[in-house]
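The lines below spell out each chain.
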Amino acid sequence: MKRNVIQTAFILALSLFLLCGCGKDAQLEEYKTQMGDFFNHIADLDSKMNAIDAQAEDAAVQLLSYLDAAESEFEHLADLEVPEAFISVESLADEAAENMTQAVSLYHQLYEGETFDSNIAVAANEYYSRANIRLQYIISILHGEMPEGENVTIVTGEDAEEGDPASSEAIMETHGEIETENPLAEE
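Thresholds applied
Residues numbered from 1 in each chain as written. Predicted model: local features only at pLDDT ≥ 70, side-chain atom pairs only at ≥ 80, totals over all residues. Heavy atoms only, no water. Helix = DSSP H or I, 4+ residues; strand = E, 2+ residues; numbered from the N terminus. Buried < 20%, exposed > 50% of the residue type's maximum accessible area, 1.4 Å probe, protein only. Contact = heavy atoms within 4.5 Å. Areas by Shrake-Rupley, 256 points an atom, 1.4 Å probe, with all protein chains shown as cover. pLDDT = per-residue confidence, 0-100. Axes fitted to C-alpha atoms, helices over the stretch in contact; angles between N-to-C directions. Parallel < 35°, antiparallel > 145°, perpendicular 65-115°, else oblique. Left-handed = near helix turned anticlockwise from the far one by under 90°. Nonpolar A, V, L, I, M, F, W, Y, C, P; charged D, E, K, R; others polar.

A. Inspection of the overall build of the chain at higher detail. A tally of helices and strands in the chain yields 5 helices and 2 strands. Starting at the N terminus and ending at the C terminus, the chain contains elements arranged as α-α-α-α-α-β-β. For the chain, the residues scored as buried account for 33% of the 187 residues in total. Considering only intrachain contacts with a sequence separation of at least 6, the fraction spanning at least 24 residues in the chain is 62%. For the chain, the exposed surface amounts to about 12,000 Å²; the carbon and sulfur share of it is 51%.

Given below as structure tokens:
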């Protein structure tokens, strides 16, 4: 009887250890938690941005404040340690953060400048869009899907399985830097 209890306890402890996982599973769970937090923060910021009264005197200040917070979240996303299971997300997160930083910088120029510059507005919106497209691709990969788009190239490493989003890398071609100067203004 005592031996059965010890065996049962040993099997139960071994099962719990295997179910809880060791290093990699704990890292994966931590990453999932961090990604969940990131998406919750971004959704909250998006709601706040959409709730801004465009006619309010401080609308631009509110928007820039929320954009600064979004930039910070994207920077944090790029700094996360990505587990091997989602390694293809790493470069997309870096690119998303870079694009968001560019967008926020341009939005500050746009709203803090003395005059509205439509070229800066277009460029800021393009960088913001690029950041969000990469975020959509990250979501696809986290859901086990291959991202698709006209500017997406999937690169599969030597050991990667064909069609496995976790072992492939999605590379986006962005067609260079976005021009913020009006070339017609020089004429």
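Having seen the model, we can carry on.
B. Spatial organisation of the confidence of the model for the chain. Across the chain, the average pLDDT comes to 78, with 66% of residues at or above 70. The least confident element of the chain is helix 1 (residues 2–20), whose mean pLDDT is 44; the most confident is helix 3 (residues 59–79), at 97. Taken as a whole, residues 2–22 scores under 50 in pLDDT and shows 3 contacts with residues more than four places along the chain or in a different chain. With pLDDT under 50 throughout, residues 156–160 is counted as low confidence; its partners more than four residues away or in other chains account for 4 contacts.

C. Broad picture of the packing of helix 3 against helix 4 (residues 89–112). Across the interface, helix 3 lies against helix 4 with an axial gap of 8 Å and an inter-helix angle of 160°. In terms of their interaxial angle, helix 3 and helix 4 are classed as roughly antiparallel. The handedness of the crossing between helix 3 and helix 4 is left-handed. Contacts between helix 3 and helix 4 involve A60, L63, L64, L67, D68, A70, E71, F74, E75, L77 and A78 from the first element and A93, D94, A96, A97, M100, T101, V104, Y107, H108, Y111 and E112 from the second. A breakdown of the residues in the contact of helix 3 with helix 4 according to their chemical character gives 15 nonpolar, 2 polar and 5 charged.

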